[in-house]
Amino acid sequence: MSDEKIDISRALKSAITTGKVEFGVDQTVKAVKDGKAQMVILARNCPSAELTGKLDVKVHVYDGNNMELGALCGKPFSVSALVIIDKGSSNILTL
C-alpha cells in the first residue's frame, strides 16, 4: 500500500467525522457551483465530464475506482465524487 493511500485514507476519515463532506456527483457539482467546495475528490473512473473539466477549486483524483473510494470512505456504495465543504480537523487540503 502506497503512502498516498495511507495519507488520503486517514485524512478522508478525519474530514468525514470532524468536518462536512458530501458524496455523489450531483451534490459535488452543486457545492462547487454554490461556492461551498474547498476541495473535490474524484475516483479515477468518475463519469462526470463536468467535474473532470477545469474547476475553480482544488481537485484530487484518487488512484482507485468508485468502489474503492466508497470503501475508503466507509460507505456501502460506490462513490465517484465527493466534496469537502469543511475539512474539520483533517489535513486533507494538503493533498
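See above for the structure.
Residues numbered from 1 in each chain as written. Predicted model: local features only at pLDDT ≥ 70, side-chain atom pairs only at ≥ 80, totals over all residues. Heavy atoms only, no water.

Moving on: the overall build of the protein. Tallying secondary structure elements over the protein gives four helices and four strands in all. Ordering the α and β elements of the protein from the N terminus gives α-β-α-β-α-β-α-β. Expected size for 95 residues packed as a compact globule is a radius of gyration near 12 Å; at 12 Å, the protein falls within 12% of this value. Counting only C-alpha atoms and orienting by the principal axes, one finds that the protein spans roughly 30 × 25 × 25 Å. A total of 95 residues make up the protein; the buried ones form 41% of that total. Contacts in the protein between residues at least 24 apart in sequence constitute 61% of all its contacts with a sequence separation of at least 6. When the accessible surface of the protein is totalled, it reaches about 5300 Å², and 50% of it is carbon and sulfur. Each charge class in the protein was averaged separately, 12 positive and 11 negative side chains, and the resulting centres sit 3 Å apart. (Helix = DSSP H or I, 4+ residues; strand = E, 2+ residues; numbered from the N terminus. Rg over C-alpha atoms; globule rule 2.2 N^0.38 Å. Buried < 20%, exposed > 50% of the residue type's maximum accessible area, 1.4 Å probe, protein only. Contact = heavy atoms within 4.5 Å. Areas by Shrake-Rupley, 256 points an atom, 1.4 Å probe, with all protein chains shown as cover. Lys, Arg positive; Asp, Glu negative; His and termini not counted. Charge placed at Lys NZ, Arg CZ, Asp CG, Glu CD.)

So, about the nonpolar core. By size, the foremost hydrophobic cluster in this structure holds 17 residues, and its most contacted members are L12, I41, L69, L82, I84 and I92. Those elements giving two or more residues to this core turn out to be α1 (3–18), β1 (20–23), β2 (39–43), α4 (66–72) and β4 (81–86). Sort the elements by how many residues they give to this core and α1 lands first, with four residues. With residues up to four places along the chain from it excluded, the contact list for I41 reads L12, H60, Y62, L69, S80, A81, L82 and I92. Core analysis: the second largest hydrophobic core is formed by twelve residues, A31, V40, C46 and L55 among them. (Core = buried A, V, L, I, M, F, W, Y, C linked by side-chain atoms within 4.5 Å.)

Time to look at the side chain of S90. Looking at the element boundaries, S90 is found in the segment after β4. Assessed through its relative accessible area of 5%, S90 is described here as buried. For S90, the contacting residues outside a window of four places in its chain are A11, S14, A15 and T18.

On to the sheet that holds β2. Think of a sheet as strands paired side by side through backbone hydrogen bonds, with each pair either parallel or antiparallel. Read from one edge to the other, the open sheet built from four strands follows the order β1-β4-β2-β3, with strand pairing classed as mixed. If you trace the sheet from one side to the other, it starts and ends with β1 and β3 (58–62), each paired once. Sheet twist, expressed as the average angle between the axes of neighbouring strands with direction ignored, equals 20 degrees. As paired elements, β1 and β4 share four bridges and run antiparallel to each other. What sits directly across from K20, in β4, is D86. (Pairing = 2+ DSSP bridges. Axes fitted to C-alpha atoms, helices over the stretch in contact; angles between N-to-C directions.)

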